[in-house]
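This is what each chain is made of:
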Amino acid sequence: MNRRRFLTLLGTAGVSTAMSAVGAKKAVAAGNQSFKGYKDSYGVLHDTTRCIGCRKCEQGCNEVNKLPAPKVKFDDLTVLEKSRRTDSNNWTVVNKYNVAGLDHPVFRKQQCNHCLEPACASACFVKAFTKNPDGSVTYDGSLCVGCRYCMIACPFNVPAFQYEEAFDPLIQKCTMCHPRIQEGKLPGCVEACPKEALTFGKREDLLRIARDRIRNNPGRYQDHVYGELEMGGTAWMYVSGAPFEAVGQQEMGTKSAPEYTAGALGAVPMVVGIWPVLLTGAYAISKRKEKVAAEEREEAVQAALAKARDDAAKAMDTALAKAAKEKDAAVTREVKKAIEQAEQAFEEKFAALRAEGQSAESGDDGEGKEDA
Amino acid sequence: MHDANTKNGLFTPGNIITGIILAVGAVITFIRFTQGIGAVSNLSDNNPWGIWIGFDLLCGVALAAGGYVTSASCYLFGMKRYHSAVRPAITTAFLGYFFVVVALHYDLGHPLRLPYPLVLSQGTTSLLFEVGLCVATYLTVLFVEWSPAALEWLGLRKIRNVVVKLTIMLTIFGVVLSTLHQSSLGALFLIAPGKLHPLWYSSFLPVFFFVSSMVAGLSMVIFEGTLAHAGLHHKMDETHLKEAEGVIFGFGKAASFVLAGYFFIKTMDIAMDNDWAYLGTGFGAWFLVEMFGFVALPSFLYALGVREKNVTLVRIASINAVLGIVMNRFNVSLVAFNWNLPAADRYFPHWMEIGVSVFIVTLIITVYRFIATRMPVLYEHPDYKDAH
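Residues numbered from 1 in each chain as written. Chains lettered and ligands numbered in written order. Predicted model: local features only at pLDDT ≥ 70, side-chain atom pairs only at ≥ 80, totals over all residues. Heavy atoms only, no water.

(A) Summary view of the overall build of chain A. Check the secondary structure of chain A and you find nine helices and nine strands. Looking at chain A as a whole, 38% of its 372 residues qualify as buried. With an accessible surface of roughly 22200 Å², chain A has 57% of that area assigned to carbon and sulfur atoms. (Helix = DSSP H or I, 4+ residues; strand = E, 2+ residues; numbered from the N terminus. Buried < 20%, exposed > 50% of the residue type's maximum accessible area, 1.4 Å probe, protein only. Areas by Shrake-Rupley, 256 points an atom, 1.4 Å probe, with all protein chains shown as cover.)

(B) The arrangement of the overall build of chain B in detail. Looking only at helices and strands, one finds 13 helices and zero strands in chain B. Along chain B, helices and strands appear, N-terminal first, in the series α-α-α-α-α-α-α-α-α-α-α-α-α. Over its C-alpha trace chain B gives a radius of gyration of 21 Å, about what one expects of a compact globule, namely 21 Å for 388 residues. Expressed along its principal axes, the backbone C-alpha trace of chain B runs to roughly 60 × 55 × 45 Å. (Rg over C-alpha atoms; globule rule 2.2 N^0.38 Å.)

(C) Highlighting the pairing of strand β2 (residues 93-97) of chain A. Residues and elements named next belong to chain A. In terms of burial, β2 is largely enclosed, as four of its five residues are buried. One ladder, built from five bridges, connects β2 with strand β3 (residues 106-110); its direction is antiparallel. Each bridged residue has a counterpart across the sheet, and for Asn95 the counterpart in β3 is Arg108. (Pairing = 2+ DSSP bridges.)

(D) Inspection of the sheet that holds strand β9 (residues 236-239) of chain A at higher detail. Residues and elements named next belong to chain A. The sheet built from three strands is open, its strands ordered β8-β1-β9 with mixed pairing. Here the strands that pair on one side only, and so sit at the sheet edges, are β8 (198-202) and β9. If you compare each strand with its neighbour and ignore which way they point, the axes differ by 25° on average. Relative to β9, strand β1 (residues 42-47) is paired through four bridges, and the arrangement is parallel. When the bridges of β9 are listed, Val44 appears paired with Trp236. (Axes fitted to C-alpha atoms, helices over the stretch in contact; angles between N-to-C directions.)

(E) Examining the interface of chain B and chain A more closely. With 56 residues of chain B at the interface, the matching set in chain A holds 54 residues. Carbon and sulfur atoms make up 63% of the surface buried where chain B meets chain A, a total of about 4700 Å² over both sides. Sorting the residues of chain B by area buried against chain A places Asp45(B), His110(B) and Ile191(B) first, and these three jointly supply 16% of that buried surface. Between Glu290(A) and Lys80(B) there is a salt bridge, and its shortest N-O distance comes to 2.9 Å. At the junction of chain B with chain A, the criterion picks out 29 residue pairs in polar contact (both at pLDDT 80 or more). Looking at the side of chain B that touches chain A, the elements with two or more residues in it are α1 (13-35), α3 (66-76), α5 (116-119), α6 (127-154), α8 (167-187) and α9 (205-232) of chain B. For the side of chain B that touches chain A, the element with the highest residue contribution is α8(B), accounting for seven residues. (Contact = heavy atoms within 4.5 Å. Buried area = accessible area lost by both parts, 1.4 Å probe. Salt bridge = Lys/Arg side-chain N within 4 Å of Asp/Glu carboxyl O. Polar contact = N/O pair within 3.5 Å; in protein donor to acceptor, adjacent residues only side chain to side chain.)

(F) Spotlight on the side chain of Arg108(A). Residues and elements named next belong to chain A. Positionally, Arg108 belongs in strand β3. At 10 Å, Glu245 is the nearest oppositely charged side chain to Arg108, a buried residue that forms no salt bridge. There is a polar contact of 3.1 Å between the side chain of Arg108 and the side chain of Tyr97. A polar atom in the side chain of Arg108 sits 3.4 Å from the backbone oxygen of Gly248. Residue contacts for Arg108: discarding those within four places in its chain leaves His46, Thr48, Val93, Val94, Asn95, Tyr97, Tyr238, Val247, Gly248 and Gln249. (Lys, Arg positive; Asp, Glu negative; His and termini not counted.)

(G) Geometry of the confidence of the model for chain A. Residue and element names in this part refer to chain A. With 87% of its residues at a pLDDT of 70 or more, chain A has an overall mean of 87. In this model residues 21-25 is a low-confidence stretch, pLDDT under 50, and it forms zero contacts with partners more than four residues away in sequence or in other chains. In the model, residues 365-372 has pLDDT below 50 throughout and makes nine contacts with residues more than four positions away in sequence or in other chains. (pLDDT = per-residue confidence, 0-100.)

(H) Here's a closer look at α6(B). Residues and elements named next belong to chain B. Its 28 residues give α6 an end-to-end C-alpha distance of 39 Å, which sits within 8% of 40 Å, the value for a rise of 1.5 Å per residue. Along α6, the sharpest kink reaches roughly 40°, centred on Trp146 and followed within four residues by the proline Pro148. Near the N-terminus of α6, the side chain that reaches the backbone nitrogen of Leu128, with its oxygen 3.0 Å away, is that of Ser126. One or two steps after α6, the chain reaches Gly155, where phi turns positive at roughly 75°. (Expected span 1.5 Å × (residues − 1). Bend = angle between axes of the 7 residues up to and from the residue.)

(I) Region of the structure containing the packing of helix α10 (residues 238-273) of chain B against helix α12 (residues 311-335) of chain B. Residue and element names in this part refer to chain B. In the contact formed by α10 and α12, the axes pass within 10 Å of each other and the chain directions differ by 40°. It follows from the interaxial angle that α10 and α12 lie oblique. Between α10 and α12 the crossing geometry is left-handed. Residue-level contacts link Glu245, Ile248, Phe249, Gly252, Leu259, Tyr262 and Lys266 of α10 to Val311, Val314, Arg315, Ala321 and Asn328 of α12. Partitioning the contact of α10 with α12 into residue classes produces seven nonpolar, two polar and three charged. (Parallel < 35°, antiparallel > 145°, perpendicular 65-115°, else oblique. Left-handed = near helix turned anticlockwise from the far one by under 90°. Nonpolar A, V, L, I, M, F, W, Y, C, P; charged D, E, K, R; others polar.)

(J) Fine view of the nonpolar core. Counting 179 residues, the largest nonpolar core has Tyr149(A), Leu188(B), Phe189(B) and Leu196(B) as its most contacted members. Sequence-distant contacts of Phe189(B), defined by excluding residues within four places in its chain, comprise Trp49(B), Leu58(B), Leu196(B), Tyr201(B), Leu205(B), Val332(B), Ser333(B) and Phe337(B). Counting nine residues, the second-largest nonpolar core is a separate cluster that includes Leu45(A), Ala210(A), Tyr221(A) and Val225(A). (Core = buried A, V, L, I, M, F, W, Y, C linked by side-chain atoms within 4.5 Å.)

(K) Representation of the pairing of β8(A). Residue and element names in this part refer to chain A. Most of β8 sits inside the fold, with four of its five residues counted as buried. Bridge analysis of β1 against β8 gives five bridges, and the strand direction is antiparallel. Bridge pairing in β8 links Gly43 to Gly201.

(L) The arrangement of the packing of aromatic side chains in detail. Residues and elements named next belong to chain B. The tally for this structure, following the rule as stated, stands at 26 aromatic pairs over all chains. Between Phe94 and Phe98, the aromatic rings sit 6.3 Å apart at their centres with planes inclined by 45°, giving tilted as the arrangement. Within this pair, Phe94 and its partner Phe98 are both found in helix α4 (residues 83-107), separated by four residues, close to a single helical turn. Judged by relative accessible area, which is 11%, Phe94 ranks as buried. Of the residues examined, Phe98 reaches a relative accessible area of 38% and is grouped as partly exposed. (Phe/Tyr/Trp six-rings, centres within 6.5 Å; stacked < 30°, edge-to-face > 60°.)

(M) Representation of helix α7 (residues 203-216) of chain A. All names here are of chain A. Here α7 contains 14 residues, and its C-alpha end-to-end distance of 20 Å stays within 8% of the 20 Å for a straight helix at 1.5 Å per residue. Among the residues of α7, those classed as buried are Arg203, Leu206, Leu207, Ala210, Arg213 and Ile214. Projected down its long axis, α7 shows its buried positions confined to an angular sector of 125°, all on one face. Seen from the buried face of α7, the exposed residues on the opposite side, beyond 90 degrees, are Arg208, Arg215 and Asn216. The elements touched by buried residues of α7 are β1, β8 and β9. (Arc of directions from axis to C-beta.)

(N) Focus on the side chain of Asp134(A). All names here are of chain A. Counting through the fold element by element, Asp134 comes out in the loop between β4 (129-131) and β5 (137-139). One buried charged residue, Asp134, remains without a salt bridge, the closest side chain of opposite sign being Lys131 at 7.0 Å. In contact with Asp134, other than residues within four places in its own chain, are Ser41, Tyr42, Met176, His178, Ile181 and Gln182.

(O) Geometry of unusual backbone geometry. Residues and elements named next belong to chain A. Positive phi, close to 50°, is recorded for Cys177, a residue that is not glycine. Structurally, Cys177 is set in the loop between β7 (171-172) and α5 (178-182). The backbone phi angle of Met231 is positive, close to 50°, even though this residue is not glycine. Using a relative accessible area of 3% as the deciding quantity, one classes Met231 as buried.

(P) View of the packing of α8(B) against α9(B). Residues and elements named next belong to chain B. The N-to-C vectors of α8 and α9 enclose an angle of 125°; their axes lie 7 Å apart at closest approach. Comparing the axis directions of α8 and α9 gives the class oblique. For the crossing formed where α8 meets α9, the hand is right-handed. Contacts between α8 and α9 involve Ser178, Thr179, Gln182, Ser183, Leu185, Gly186 and Ala187 from the first element and Leu205, Pro206, Phe209, Phe210 and Ser213 from the second.

Right, here's the structure in full:
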């Protein structure tokens, strides 16, 4: 092996290694893989068996996010009698559920669940939502057009809109206290909870904690961590003693929001690519049909014309022949007539002469003269 | 309908009603843009989309499908006998789309940011982005397709001749863009499987919306023809009047077939998702009303009308079919949407929301009358005979 050959081999190996590295990276995007969330992202575990419905989390949220003062004070628990949802001034609410078969009510907090693949972010046509590496889903109001498609898309009915705001209405929702997490602080609600019903931590750790609680307390929990797989997984997760349906948490399926729309979006380039070809084809076919029809019409006209010309020529010939014949006949007739006339005239003359001769014969020698 | 141009004065009953609607609309518009969406609507956090989306956008776009349907059959599929129907259809489609965009400004929190998705930050994972992009492009295409009418009126022969040369390309663009955004309007709801009733939710929603838009287009051409004959008969030339009956029967026949196919694929969808059990519920009854009263029935009426050569029957069928489209879009976006929510959280439009929709429809009719009484839409311009 000479030096040159060695270098060539080396180079080939290098290129192919580089190629395979690029190829592998691309194949991940197109392959049979799913996004399992940012590594080491945070979340919160809500244990509804520990929640006492004190609304301290609502108050904490209100304070750290500097939301408008509530109409009803946070220590007034009568608001729990009515079912509430998040709105533009309340990014989190606690609801009370009377579950059949339990002698006590169940309380559950709701707020943005911070999906691993958020429906709101997928639906937003100006990319106003961002899924951050810390797990939070945040919103940039300066881009928002106010179409409210995120509210249609959100399976948990979380985003709220400032309908009363005339000039700068925006979407409002829980940010998982993204700014506080960046400062190393806990989310406002978690910090305010007196019963440790809310646990903040890395999502993977929270899943382990949730499973431990279920395993270590037989009969206390449903054997399910709501949010582990729901809608492709969420940063906020729940463990509950009551069936999840009974505390207002619908069965969601495990598909993330973008999976529902990927097919329709994928069809777009197909339509753009193939429709013009098919339509141009349809146009070409109809155009060709017209052309063929026009040609056939033209041919038919030509044929008819030719036939007419032929017929005319034939008729002319016949007429000419007939005319010639007639002319001949007329000439013959005229000749005949002339001959007849001449004969007749001769006869008449002859008869006259004869008559003259006869009368002269009786006087002089008329008959002899004629014989001569 | 009264012609605004006739000499019997401005104060005809038609004009007075139009004037009142426009005045009320102007007041609501003022309130909307000075006090916010909440002041004029019943929209809420649970019901972010009301009739401004369900009617103005979804029905508006579907019912303006006559533009692509008619121009495609005439120019691409070689059905030249529908030529006189193309201009009125393109005119109504252009106005329809234009006013869809106008109406959208009422519904958007930041109407002035409407160009953002196109120019500032493209949310390409959103079906609404696709709708926005296609509607914006198609509105431009429709404007160019329609412009010869205005250019002939203005006597700008040179530009007009250039535009007319683009006809085939524009028509193909129109069909591509219409396929995309008509279907995407249905696909908007794909992301919310938990909110839309299973009888209406389907992964084939985009296909259903596209196929039914053809019905909407065909039926609207017949229906608008009926209205135009009632009000603008004197503006139609001999060709238009002569071809009108052929258009009615030809489009009626096509609509009958498309409706039959639509009925079939909708039924197949119920079978594929095994939604039969839902048919026994209240929503099921309502679904059956839509399917039999507003899909199967107009299909049958169209077929009968065409077979019997009965213009009136075909016209009735067209109204039946148009109502069916409106009903379907309302069902998907409003009636069967949020079907899980308790009755107290459901949406019913505020009268001012309805007022805005009526205002927009009135504007369309008024502008159509303005155009059709002045520009060569229902007749060929004498200087441009057989030039297009």
